[in-house]
Amino acid sequence: MTESFDAVVVGAGPAGSSAAAVLADRGRSVLLLEKDLFPRHKVCGEFLSADALPSLDLIGAREAVESATAERITRGVLHLASGGAVTFALPAPAIGLSRFRLDDLLSRRARDAGADVRFTARVVSTEPAGDVFRLRFTHRQSEREATARVVIGAWGRWDALDRAMARGFLGRRARFFGWNRDFGGNSDLLAGRVHLYLFPGGYCGLSRVEGGAVNLAGVVSEEVWKRAGGGWTAVVDGARSGNPALEADLAKLLPGPIGFLGTGPVFFTRKPPVENGLLMAGDAAGVIDPFSGEGQAAALASGILAAETAERLLSGELSREECARAYAKAWRDRFGRRFAWSAVFRRLMLNRSIGAVAGRIAGERLVRFAISATRR
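The notes below deal with the structure included here. Note that the structure is predicted; figures quoted are calculated from it, not measured. (Residues numbered from 1 in each chain as written. Predicted model: local features only at pLDDT ≥ 70, side-chain atom pairs only at ≥ 80, totals over all residues. Heavy atoms only, no water.)

## Here we look at unusual backbone geometry
Part 1 of the argument: The residue after Phe 38, namely Pro 39, is reached through a cis peptide bond having omega -5 degrees.
Part 2 of the argument: Secondary-structure assignment places Pro 39 in the loop between strand 2 (30-33) and strand 3 (47-48).
Part 3 of the argument: Cis peptide bonds are those with omega within 30 degrees of zero, and the linkage from Gly 264 to Pro 265 qualifies with -5 degrees.
Part 4 of the argument: Mapped onto the elements, Pro 265 comes out in strand 14 (residues 253-266).
Part 5 of the argument: A positive phi angle, near 55 degrees, is found at Ala 166, a position not held by glycine.
Part 6 of the argument: If you trace the backbone, Ala 166 turns up in the loop between helix 5 (160-164) and strand 10 (176-185).
Part 7 of the argument: For Ala 166, a relative accessible area of 67% corresponds to the exposed category. (Helix = DSSP H or I, 4+ residues; strand = E, 2+ residues; numbered from the N terminus. Buried < 20%, exposed > 50% of the residue type's maximum accessible area, 1.4 Å probe, protein only.)

## Brief notes about the environment of Phe 177
Part 1 of the argument: Assignment of secondary structure puts Phe 177 in strand 10.
Part 2 of the argument: Residue Phe 177 is classed as buried on the basis of its relative accessible area of 10%.
Part 3 of the argument: Separated by 45 residues in the primary sequence, Phe 177 and Glu 222 place their C-alpha atoms 6.5 Å from one another.
Part 4 of the argument: Sequence-distant contacts of Phe 177, defined by excluding residues within four places in its chain, comprise Gly 218, Val 219, Val 220, Glu 222, Trp 225, Trp 232, Thr 263, Gly 264 and Pro 265. (Contact = heavy atoms within 4.5 Å.)

## Observations concerning the nonpolar core
Part 1 of the argument: Grouped together as the largest cluster of nonpolar side chains are 77 residues, with contacts concentrated most on Val 10, Leu 23, Ile 59, Ile 152, Trp 155, Leu 279 and Tyr 327.
Part 2 of the argument: At 12 residues, helix 9 (residues 295-314) tops the list of elements feeding residues into this core.
Part 3 of the argument: Excluding residues that lie within four positions of it along the chain, Tyr 327 makes contacts with Pro 273, Val 274, Leu 279, Met 280, Ala 281, Ser 302, Leu 305, Ala 306 and Thr 309.
Part 4 of the argument: Of all hydrophobic cores here, the second largest spans 19 residues; its members include Phe 177, Trp 179, Cys 204 and Leu 250. (Core = buried A, V, L, I, M, F, W, Y, C linked by side-chain atoms within 4.5 Å.)

Written out as structure tokens, the structure reads:
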């Protein structure tokens, strides 16, 4: 039996759930497919910048997010590998909230809006079939089929569907590996603040989430990952030896019950925002550097952008080809420069000598410019 929908969204992270909520709120029949079972833990900096708030307002999720005992973050400190530090104020308060909590809240919002949300559902293929797309997916140990006039791909940075569509990355690319680790203990030092640490070949951030728990998330180059050899404990040990402030701050905390989560390889670059007629959103359209703190805000915004463009097709304003062109242009206009500036600052941060000089000379002005450039 083939089910029919106006739209199918693949992936229920921030981009997918926001897209599904927007379309369902407008009366469209929406199928939201997610391969995992929520709630679940996920590698992430777990930092929602203030830029996420308009998106949360639009999908009706802001009150739920802000009432989830989330951390309110107003200031930051950048700790250089040389031992120096640059303090800065955020342009507006950010929110510290775990992906375990956030993704569950957002997928529930999509369901409350009327979307048909199915977990542990893995899409096997998607292809055009006349004026619709035909999808095959597995759910509850059986194979299903659905058709939809629009498909939004929000399955994250990499999926078997990328391989099936021979999706490539745009521009130069280097391989990175990411992790996060939960901590507890006395976290008062981190109240209302995010701490960023540079060390040879990588960087990491330390901040509180709901309930005063602490999240450590970081990125290392492939060279550092291979040299560590012994897994994430060895990577963090290397980071601690490469930054005295990180060593001092982690010494005050206790390891939490979740442990290390890791991912890789990760390419911090763009992919085409439209692929085979699918509108790509969130990390499926490109993974922005975590140091910007804008990853989740961008995911929410891109999911909403995809849904609003899809609505123009569903209402008859745009043809499929016009929809694809309109979304690709809108995505590049909205997010393209963020990726370009992120690449510039990544090279600066990972070069110890240049980064130290820049930090001494420009200090907070440079940090504030980096925040502004990766938000545009």
